[in-house]
Amino acid sequence: MRKRYLIDRGSRGVLLVCATVSVAVLLAIAVFIFKESLSAFGEIGLLDFLLGTKWDPNPVGDASPSYGILVMIVGTVLVTMGALIIAIPLGLGCAVLLADVAPHRFRQLLRPAVELLVGIPSVVYGLVGLVLIVPLIRQIGGPGLSLAAGIIVLAAMIMPTIVSISEDSIKAVPRAYREGALALGATRWQAIWRVVLPAARSGIAASIVLGMGRAVGEAMAMVMVVGMAKAMPNSPLDPARPMAPSIALETNYASGTHLSALFAIGVVLFLFIVILNSVAIVVFKRGARA
Amino acid sequence: MPRISPGLTQKLALAGIWGTGIVAMLILLVIVAYVLVKGVADLDWALLSTAPRGGTSGEGGISTVIASTFYLIGLTMVITVPLGVGAAIYLSEYAPDNRATRLIRYGTEVLAGVPSIVFGLFGFALFVTALHFRFSILSGALTLACLLLPTLIRTSEEALRSVPHTHREAALALGATRWQTVWRVLLPAAMPGIVTGIILSVGRAVGETACLFVTMGGSTALPTSVFSGGRTLSMHLLYLVMDTNAFGKALATGLVLIITIVAINAATNWLSQRFRARMTGGA
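First things first, this report covers the structure right here in the doc.

What counts as what
For every chain, the first residue of the written sequence is number 1, and numbering continues from 1 onward in sequence order. The naming scheme follows written order: chains are lettered A onward, ligands numbered 1 onward. Selection of residues for local features in this predicted model requires a pLDDT of at least 70, selection of side-chain atom pairs for listing and counting requires 80 or more, and totals for whole chains, interfaces and linings are taken over all residues. Note on conventions: DSSP H or I runs of at least 4 residues are helices, E runs of at least 2 residues are strands, and numbering of each starts at the N terminus. Exposed residues have 12 or fewer other C-beta atoms within 10 Å of their own C-beta, buried residues have 20 or more, and residues in between are partly exposed; the C-beta atoms are placed from the backbone. By the convention adopted here, residues are in contact when the distance between their C-beta atoms, placed from the backbone, does not exceed 7 Å. Note that Gly is not counted as nonpolar here; it falls among the polar residues with everything else outside the nonpolar set of Ala, Val, Leu, Ile, Met, Phe, Trp, Tyr, Cys and Pro and the charged set of Asp, Glu, Lys and Arg. In a helix, the anticipated span is given by 1.5 Å times the number of residues less one. The bend at a residue is defined as the angle formed between two axes, one fitted to the seven residues ending at that residue and one fitted to the seven starting there. Interaxial angle, 0 to 180 degrees, is taken between N-to-C directions of lines fitted to C-alpha atoms, where a helix line uses only the stretch in contact. To sort the angles, those under 35 degrees are grouped as roughly parallel, those over 145 as roughly antiparallel, those from 65 to 115 as roughly perpendicular, and the leftovers as oblique. Each crossing is labelled by how the near helix is turned from the far one, with a counterclockwise turn of less than a right angle marking it left-handed and a clockwise turn marking it right-handed.

In this section: the overall build of chain A. Scanning chain A for helices and strands turns up 12 helices and two strands. Order of helices (α) and strands (β) in chain A, N terminus to C terminus: α-α-β-β-α-α-α-α-α-α-α-α-α-α. With the C-alpha coordinates of chain A rotated into their principal frame, the extents come out at 75 × 75 × 30 Å. Per-residue burial for chain A yields a buried fraction of 47% across its 290 residues. The long-range fraction of contacts in chain A, counting pairs at least 24 apart against all pairs at least 6 apart in sequence, stands at 71%.

The phi angle of most residues is negative, glycine excepted, and most peptide bonds adopt the trans form. The phi dihedral of Met228 of chain A falls on the positive side, at around 55°, and the residue is not glycine. Looking at where Met228 of chain A falls in the secondary structure, it is placed in the loop between α10 (220-225) and α11 (243-250). Residue Met228 of chain A is classed as partly exposed on the basis of its C-beta count, with 17 C-beta atoms lying within 10 Å. Unlike most non-glycine residues, Arg134 of chain B shows phi in positive territory, near 50°. Within the secondary structure, Arg134 of chain B sits in the loop between α5 (116-130) and α6 (137-161). Judged by C-beta crowding, with 15 C-beta atoms within 10 Å, Arg134 of chain B ranks as partly exposed.

Topologically, Ala28 of chain A is positioned in helix α1 (residues 2-44). Given 15 C-beta atoms within 10 Å, Ala28 of chain A falls into the partly exposed group. Separated by 48 residues in sequence, Ala28 of chain A and Thr76 of chain A place their C-alpha atoms 25 Å apart. Residue contacts for Ala28 of chain A: discarding those within four places in its chain leaves Phe122 and Leu126 of chain B.

In this section: the interface of chain A and chain B. Listed per partner, the contact involves 74 residues of chain A and 73 residues of chain B. The greatest single-element share of the side of chain A that touches chain B, amounting to 22 residues, is contributed by α1 of chain A. Per-class residue counts for the side of chain A that touches chain B are 53 nonpolar, 15 polar and six charged.

Turning to helix α4 (residues 104-119) of chain A, a few remarks are in order. Under the 1.5 Å per step criterion, the end-to-end length of α4 of chain A is 23 Å for 16 residues, consistent within 8% with the ideal 22 Å. A bend of about 25° at Leu110 of chain A is the largest found in α4 of chain A, and the proline Pro112 of chain A appears one to four places after it. Where α4 of chain A is buried, its residues meet α3 (70-101) and α6 (147-171) of chain A together with α1 (6-39), α8 (178-207) and α11 (247-280) of chain B.

Its place among the elements puts Leu111 of chain B in helix α4 (residues 99-113). Setting aside anything within four residues of it in sequence, one finds Leu111 of chain B in contact with Ser22, Val25 and Leu26 of chain A together with Leu149 and Pro150 of chain B.

Moving on to the packing of α4 of chain A against α11 of chain B. Contact pair α4 of chain A / α11 of chain B: the axes reach a minimum separation of 10 Å and the direction vectors enclose 125°. With respect to α11 of chain B, the element α4 of chain A is oriented oblique. Pair α4 of chain A / α11 of chain B crosses with right-handed handedness. Across the interface between the two elements, Pro112, Glu115, Leu116 and Gly119 of chain A from α4 of chain A touch Ile261, Val262, Ile264 and Asn265 of chain B from α11 of chain B.

Before going further, it helps to spend a moment on the environment of Val32 of chain B. All names here are of chain B. Tracing the sequence through the fold places Val32 in helix α1. With 19 C-beta atoms packed within 10 Å, Val32 lands in the partly exposed category. Spatially, the C-alpha atoms of Val32 and Leu186 are 40 Å apart, while their sequence positions differ by 154 residues.

Before going further, it helps to examine the packing of α3 of chain A against α6 of chain A. Residues and elements named next belong to chain A. Where α3 meets α6, the closest approach of the two axes is 6 Å, and the angle between their N-to-C directions is 35°. Handedness of the crossing formed by α3 with α6: right-handed. Considering only residue class, the contact of α3 with α6 consists of 22 nonpolar, four polar and three charged.

Here's what the structure looks like:
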């Protein structure tokens, strides 16, 4: 009789430990990345690191190495913004089509397709970009491996995520909203634009934040198509070098200050994502209450 | 500017929606069709059954890569499933509504958004370097387990929460302790939902590359222990693209990945339909 109460007590403790693991991992990530980056920040200096335009950790001859990541920050911001500019309108159009406009049959056909596309590994998107998009861009001009190729691949990669989550939240808007608008004499489009979409806005915003997070953090697909040049891109046809793929490419062989500098890029990326997510969580809480 | 009638606006807007929807679908169709058509040429039994031999032309197949993938994912799941399901049970059945619980939830949500490569850096610093596991399947599995944890917690918690309250009340009324209720009543009832979440995590694990690229090494040899290096199918695709000119084999590997994802989605859809029927059918 006593034994089962002891088990009951013990199990609660074990489960609590399980629940704290994810917080512990988050803290451990923060601690490790910061700790490993300290020597780089100390040696390079925060401003020279963030605003330096030259990244040359292993210079030829006896020149001293440079660790400026402005080119990478610009690269990450440009590919992410570009991908969002393409993926948001296409993705939202697609979501409204699937949730509200298209006949049921059409939806039944396309919904599994969108689910599949959410699950396809990013390296597959990168590969298709490399063999399909890059040659097309090379015909327009430049080396082909470029900012534009990165933007197109990222847009295709995050679009299914935006479609899937936005569609769910549009579907979740109560029928009465739509019917009320139509009963007041609104056209179908007015009901969608003025009533349904505003009601689904927190879910739509969530899908965009999620897509943005994926775009900022994507490393391997970018390694394949974006060119990884060290110079600042002057046009969409020039190659670029975003942060995440730079870390991925160099970590395996780096050492000393170089390795520490890669962790410092990780810190910038980590802080960016934590701020993005915290803002998103606060905004959705407010959206959910309203 | 003349006022456009609502009827005309509607026509234009709906045309726009059909247009964007169809463009989006076409783009995505092209991606899958391309991999399907080009990849199928190199996809045969020889590819699946021989080991990669390296070289710039990407000689050999993907047999040891498939073995490493299974090994890695098996080990990852052994680590992450008990932790994830345990955390989900705590959050759905035990957690009081207080500051500590909110901190746990916030931490889990933020962790879900951390990029794969940042997990990779963490794994590289802790498992590969500080704990001396070197580039190995163990380092990869531990890193991947951290990455999958938040998703697994969320899906398992949803499954537990969808079990009707009457189940809990009936068990408690019969004199069961909290743990007996969880173990004998809630877990069996929520099992299809939890399994769906686990299969979804396997799907994500199959597609992950960045965090493994910096923790697993990339050896093509058949792994002999958890301390062997290795590479997954996604990593192999990347290596083929970066180090060889075997684009045909890369596309065939991509096709294997897509087929895996199709199978995983089919399994989860089937399971979650059954789960929903069970939860709403009253049985």
